[in-house]
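Residues per chain are reported as follows:
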Amino acid sequence: MSAKGITPIISEYRILWEALKQYEERLEKLSSMSTDEDQQLKYDEKLQDLEGLLRSVKIAAQSDYQLELE
């Protein structure tokens, strides 16, 4: 995050983390409920992308503020 010139404050990291985790839960639910294989694949791809984003946010929060996000 900070490598791109954006350094969120601690509360913004927490808000972003919570929002991403809720989105992850939603995608997991939609993927498991989907009967259309193509749609399920789209949800699963988004989940993979989201996993990388969550990892990046977690690393940035740790680097910027020694903040542990779980």
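This text follows the structure it describes.
What comes next concerns the included structure. Predicted model only: the values in this text are computed from it and were never measured. (Residues numbered from 1 in each chain as written. Predicted model: local features only at pLDDT ≥ 70, side-chain atom pairs only at ≥ 80, totals over all residues. Heavy atoms only, no water.)

Turning next to the packing of aromatic side chains. Summed over the entire model, instances satisfying the criterion amount to one aromatic pair. Relative to tyrosine 65, the ring of tyrosine 13 lies with its centre 6.1 Å away and its plane at 75°, an arrangement referred to as edge-to-face. A residue pair is termed long-range when its members are at least 10 positions apart, and tyrosine 13 in helix α1 (residues 10–33) and tyrosine 65 in helix α2 (residues 37–65) qualify at 52 residues. According to the relative accessible area criterion, tyrosine 65 is partly exposed, its value standing at 30%. (Phe/Tyr/Trp six-rings, centres within 6.5 Å; stacked < 30°, edge-to-face > 60°. Helix = DSSP H or I, 4+ residues; strand = E, 2+ residues; numbered from the N terminus. Buried < 20%, exposed > 50% of the residue type's maximum accessible area, 1.4 Å probe, protein only.)

The terminal C-alpha atoms of α1 lie 35 Å apart, and with 24 residues this matches the ideal 34 Å at 1.5 Å per residue to within 8%. Within α1, the full set of buried residues consists of Tyr13, Trp17, Leu20, Glu24, Leu27 and Ser31. In this fold, the buried residues of α1 make contact with α2. (Expected span 1.5 Å × (residues − 1). Contact = heavy atoms within 4.5 Å.)

All right, on to the nonpolar core then. Counting 13 residues, the largest nonpolar core has Tyr13, Val57 and Leu69 as the members making the most contacts within it. The set of elements that each furnish at least two residues to this core consists of α1 and α2. For this core, the element with the highest residue contribution is α2, accounting for seven residues. (Core = buried A, V, L, I, M, F, W, Y, C linked by side-chain atoms within 4.5 Å.)

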